[in-house]
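Chain by chain, the residues:
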Amino acid sequence: MIPTIAAAEVPYLTADQMIEVDRAMIDDYGIDLVRMMENAGRALAHLIRERFLHGQARERQVVVLAGTGGNGGGALVAARRLHNFGAQVTALVTKPDESLTPIPREQLGILRNMGVAVVGAAEVVGTQNADVVVDGLIGYSLRGAPRGTAASLIRWANQQAAPVVSLDAPSGVDSTSGAVLEPAVEAAATMTLALPKEGLRSPGIARNMGDLYLADISVPPELYERFLGIPVPPIFAESDLVQLV
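Below you will find a few notes about this structure. (Residues numbered from 1 in each chain as written. Predicted model: local features only at pLDDT ≥ 70, side-chain atom pairs only at ≥ 80, totals over all residues. Heavy atoms only, no water.)

Quick word on the packing of aromatic side chains
Under the definition given, this model contains zero aromatic pairs. Geometry around Phe 85 places Arg 49 over its ring, the cationic atom sitting 3.8 Å from the centre. When the ring centre of Tyr 12 is taken as reference, the NZ or CZ atom of Arg 201 above it lies at 4.3 Å. (Phe/Tyr/Trp six-rings, centres within 6.5 Å; stacked < 30°, edge-to-face > 60°. Lys NZ or Arg CZ within 6 Å of the ring centre and 35° of its normal.)

Given below as structure tokens:
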């Protein structure tokens, strides 16, 4: 069972503050992006199995939509772990392999080596029997309304009967202002990372965000006070995945 914590007890960050957290993790603590990505993907796979697959992933159909950066990389880690749990995973990245940043490209290569189905947008759009759709398209790096393949996949995801689970922020939602752009994912749940993003407590965001979960990606609590002046309580004392209520 995933423990709960009151959202009012947890600090929220802007996108710029989260960028500084990522920088400090790498430059000042030596906790690199691969470690953070692995933690994110592991927690996301756990959430999907426990909340949406009722503890049993074997033979369940999961479609993973991944962008080209860190958000997509975390979704691809979740795809690997869900495959290991026994799920039938189909993965799609919005652009060709050479357009991915290096670490997500490495994660995609691992999936290919494992024999996980990696398909194009047309093949995913033809899929109608998913049990869960994973939104790892954009995350907190959103700059303007989604377009191209990402926009098409957001619209496709919103048309599915299956629940959509977003990583860090629903694609198409500005994670600092809470503005809902067109198109934007309508998620059943969002699993945000480290600390929740400011836009995820904006009025009217519930339709896009769904239930909000928070995952530990191993950010030292003292980092927030040292670099942002924000004291943070031991949020993950019971579990490295909590639900904010």
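Structural notes on the pattern of salt bridges
A side chain with one charge can pair with a side chain of the opposite charge if their charged atoms come near. Considering all chains together, one arrives at 14 salt bridges under this definition. Glu 20 is paired through a salt bridge with Arg 23; the nearest N and O atoms lie 3.0 Å apart. On the criterion of helical spacing, the pair formed by Glu 20 and Arg 23 is a turn pair, its members being three residues apart in helix 1 (residues 15-27). Note that Asp 32 is salt-bridged to Arg 35, the shortest N-O span being 3.1 Å. The partly exposed category is assigned to Asp 32, whose relative accessible area is 29%. Accessibility expressed as a relative area gives 49% for Arg 35, which makes it partly exposed. Counted as one network, the salt bridges with shared partners bring together Glu 20, Arg 23, Asp 27 and Asp 28. (Salt bridge = Lys/Arg side-chain N within 4 Å of Asp/Glu carboxyl O. Helix = DSSP H or I, 4+ residues; strand = E, 2+ residues; numbered from the N terminus. Buried < 20%, exposed > 50% of the residue type's maximum accessible area, 1.4 Å probe, protein only.)

Considering the packing of helix 2 (residues 33-52) against helix 4 (residues 102-114)
Where helix 2 meets helix 4, the closest approach of the two axes is 10 Å, and the angle between their N-to-C directions is 50 degrees. Taken together, the axes of helix 2 and helix 4 lie oblique to each other. As for the relative orientation of helix 2 and helix 4, their crossing is right-handed in sense. Contacts between helix 2 and helix 4 involve Leu 33, Val 34, Met 37 and Glu 38 on the former and, on the latter, Ile 103, Pro 104 and Gln 107. (Axes fitted to C-alpha atoms, helices over the stretch in contact; angles between N-to-C directions. Parallel < 35°, antiparallel > 145°, perpendicular 65-115°, else oblique. Left-handed = near helix turned anticlockwise from the far one by under 90°. Contact = heavy atoms within 4.5 Å.)

Comments concerning the environment of Ala 179
Of note, Ala 179 is situated in the loop between strand 6 (164-167) and strand 7 (189-193). It is 9.9 Å that separates the C-alpha atoms of Ala 179 and Pro 203, two residues lying 24 residues apart in sequence. Not counting chain neighbours up to four residues away, the residues in contact with Ala 179 comprise Gly 172, Val 173 and Asp 174.

Here's the deal with the pairing of strand 2 (residues 61-66)
Within strand 2, five of the six residues are buried, which leaves it mostly tucked inside the rest of the structure. Examined bridge by bridge, strand 2 and strand 3 (residues 88-93) share six bridges and lie parallel to one another. Bridged to Val 64 within strand 3 is Ala 91. A crossover links strand 2 with its parallel partner strand 3, the connecting element being helix 3 (residues 70-85), and its sense is right-handed. Pairing of strand 2 with strand 5 (residues 132-136), which is carried by five bridges, proceeds in the parallel orientation. When the bridges of strand 5 are listed, Leu 65 appears paired with Asp 135. (Pairing = 2+ DSSP bridges. Right-handed = clockwise from strand over helix to strand, strands pointing away.)

Some words on unusual backbone geometry
One can expect most non-glycine residues to show negative phi and most peptide bonds to be in trans. Of the consecutive residues Glu 182 and Pro 183, the connecting peptide bond is found in the cis state with omega at 0 degrees. Within the element layout of this structure, Pro 183 appears in the loop between strand 6 and strand 7. For Asp 168, which is not a glycine, the phi torsion comes out positive at approximately 75 degrees. Tracing the backbone shows Asp 168 in the loop between strand 6 and strand 7. The phi dihedral of Ala 194 falls on the positive side, at around 70 degrees, and the residue is not glycine.

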